[in-house]
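Each chain, letter by letter, is given below.
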Amino acid sequence: MNKASDDTASDDTSPNAIADLATGTTLISRSIDSLVEQGWAQQDDFLPAPLSAALAAECLALTERGQLKFAGVGRGAAQQLRPDIRGDRIQWLKHGQSPACDEYLALMDSLRTALNQSLYLGLEEYESHFAYYPTGAFYQKHLDRFRDDDRRTVSVVIYLNADWQAADGGALRLHPQDKPTEDILPLAGRMAMFMSADLLHEVLPATRDRMSIAGWFRRRAN
Ligand SMILES: O=C(O)CCC(=O)C(=O)O
Ligand SMILES: [Fe+2]
């Protein structure tokens, strides 16, 4: 590297940052390819390990401080608490809530842009929440699109538990039409993505507490 480029080098253009960006771009385009080919995608190491660890620590701290609330089923005035259907506790992510959340939201914005460029989906917004499933909690088979609101288009779940084993249970079970079910274990850094209106899925109970961020890219209302 010559002197001039040394002088202008900043953190953003360091070889590591450029390599991270290139890796991120590859992971994004790979996961969009599988979304198109099979209607869903699993991408390991989608989050860099330090980011996934920071988000896990934040989710755990919020849980321990009692800041997560039982999640409801349905939307608006029709929303109900139904622990027989879903047993997770959630907190919606906001810009500025922590550096880790902001880094995560920036990554999701790159994914949104890439989805729009490849698939012309017109995704305009992203909403997401931390989810904490205490041991034994589950979420019965469902679609992510509400009956009275068709804006949710692509669902993305990011997992935050290190060292998850098959024996721990807690898989995301996908039910693709006319195909065998697929189980995705909630291992830290892993991402699952699918079309919100099309793919039935459920969360199986686990023998340990399970942490994730579930999010949805939305189109503008018609
Ligand atoms: O945590 C998961 O694996 C999926 C969660 C889910 O289906 C949802 O929150 O709608
Ligand atoms: Fe879901």
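Residues numbered from 1 in each chain as written. Chains lettered and ligands numbered in written order. Predicted model: local features only at pLDDT ≥ 70, side-chain atom pairs only at ≥ 80, totals over all residues. Heavy atoms only, no water.

In the nomenclature of an unreviewed UniProt entry, the chain is known as 2OG-Fe(II) oxygenase of Pigmentiphaga aceris. Recorded in UniProt under Cofactor (unreviewed entry), the annotation for the chain is "L-ascorbate". (UniProt positions renumbered as here; feature names shortened; annotations may be inferred.)

Peer 1: Before we move on, could you go through the pairing of strand β6 (residues 152-159) and cite the residues and values that matter?
Peer 2: For β6, a buried count of eight out of eight residues is recorded, marking the element as mostly surrounded by other parts of the structure. In terms of strand pairing, β6 meets strand β11 (residues 210-219) through seven bridges, oriented antiparallel. Counted as the bridge partner of V157 is A214 from β11. Of the pairings in the sheet, the one linking β6 to strand β9 (residues 191-195) comprises five bridges and is antiparallel in character. Bridge pairing links V154 to M195 in β9. (Buried < 20%, exposed > 50% of the residue type's maximum accessible area, 1.4 Å probe, protein only. Helix = DSSP H or I, 4+ residues; strand = E, 2+ residues; numbered from the N terminus. Pairing = 2+ DSSP bridges.)

Peer 1: Please give an account of the packing of aromatic side chains that cites residues and values.
Peer 2: Inspection of the entire model under this criterion finds three aromatic pairs. Their ring planes at 55° and their centres at 6.4 Å tell us that Y104 and Y126 sit as a pair that is tilted. Taken together, the positions of Y104 in helix α4 (residues 99-119) and Y126 in strand β4 (residues 123-133) put the pair 22 residues apart, joining distant regions of the chain. When the centroid spacing of 4.8 Å and the interplanar angle of 40° are considered together, the rings of Y126 and F217 count as tilted. Here Y126 is found in strand β4, whereas its partner F217 is found in strand β11, with 91 residues between them in sequence. Classification of F217 by relative accessible area gives buried; the value is 0%. In this structure an aromatic cluster arises from ring pairing among Y104, Y126 and F217. If you follow R210 out to its NZ or CZ, it ends over the ring of Y133, 5.0 Å from the centre. (Phe/Tyr/Trp six-rings, centres within 6.5 Å; stacked < 30°, edge-to-face > 60°. Lys NZ or Arg CZ within 6 Å of the ring centre and 35° of its normal.)

Peer 1: Break down the site of ligand 1 for me, citing the residues and quoting the values.
Peer 2: In the vicinity of ligand 1, 13 residues are found, and the nearest of them are H142, D144, Y159, H201 and R210. Between D144 and ligand 1, the recorded distance is 3.1 Å, taken from a side-chain N or O atom to an oxygen atom. In the environment of ligand 1, an oxygen atom lies 2.8 Å from a nitrogen or oxygen atom belonging to the side chain of R210. When isolated, ligand 1 has an accessible area of 300 Å², and the protein chains bury 97% of it. Assessed atom by atom at 2 Å from the grid points, ligand 1 resides in the largest pocket. Examining the composition of the shell around ligand 1, we find that four residues originate from one element, β11, more than from any other. Residues of the shell around ligand 1, tallied by class, amount to eight nonpolar, three polar and two charged. (Near = heavy atom within 4 Å. Polar contact = N/O pair within 3.5 Å; in protein donor to acceptor, adjacent residues only side chain to side chain. Areas by Shrake-Rupley, 256 points an atom, 1.4 Å probe, with all protein chains shown as cover. 1 Å grid on protein atoms, 1.4 Å probe; cavity = no way out; pocket = protein on both sides within 12 Å on 5 of 7 lines; lining within 4 Å. Sits in = over half its atoms within 2 Å of the grid points. Nonpolar A, V, L, I, M, F, W, Y, C, P; charged D, E, K, R; others polar.)

Peer 1: How would you explain the nonpolar core if you had to name every residue and give the values?
Peer 2: Within the largest apolar cluster, 36 residues are counted, with the highest numbers of intra-cluster contacts made by F46, L55, L111, L115, I158, L160 and M193. Where this core is concerned, the elements lending two or more residues are α2 (15-38), α3 (49-64), α4, β4, β6, β9 and β11. For this core, the element with the most residues is α4, which contributes nine residues. With sequence-adjacent residues up to four places away left out, I158 is seen in contact with F46, L47, Y104, M108, R190, M191, S212 and I213. W40, V157, L174 and F194 belong to the second largest nonpolar core, which has nine residues in total. (Core = buried A, V, L, I, M, F, W, Y, C linked by side-chain atoms within 4.5 Å. Contact = heavy atoms within 4.5 Å.)

Peer 1: Describe in detail the UniProt feature "domain: Fe2OG dioxygenase" (unreviewed entry) in the chain, supporting the description with residues and values.
Peer 2: Look at the UniProt record and you will see "domain: Fe2OG dioxygenase" (unreviewed entry) annotated at residues 122-219. With 0% helix and 50% strand, residues 122-219 has end C-alpha atoms that lie 6 Å from one another.

Peer 1: Account for the pattern of salt bridges, with residues named and values stated.
Peer 2: Scanning the entire structure with this criterion turns up eleven salt bridges. The closest approach of N and O atoms between R190 and D44, which form a salt bridge, is 2.6 Å. Separated by 146 residues along the polypeptide, R190 in the loop between β8 (182-184) and β9 and D44 in the loop between β1 (40-43) and α3 bring together distant segments of the chain. A residue is classified by how much of its surface remains accessible, and R190, at 11% relative accessible area, is buried. Here R173 makes a salt bridge to D183, at a shortest N to O gap of 2.8 Å. Of the two residues, R173 is situated in strand β7 (residues 172-175) and D183 in strand β8; the sequence distance between them amounts to ten residues. (Salt bridge = Lys/Arg side-chain N within 4 Å of Asp/Glu carboxyl O.)

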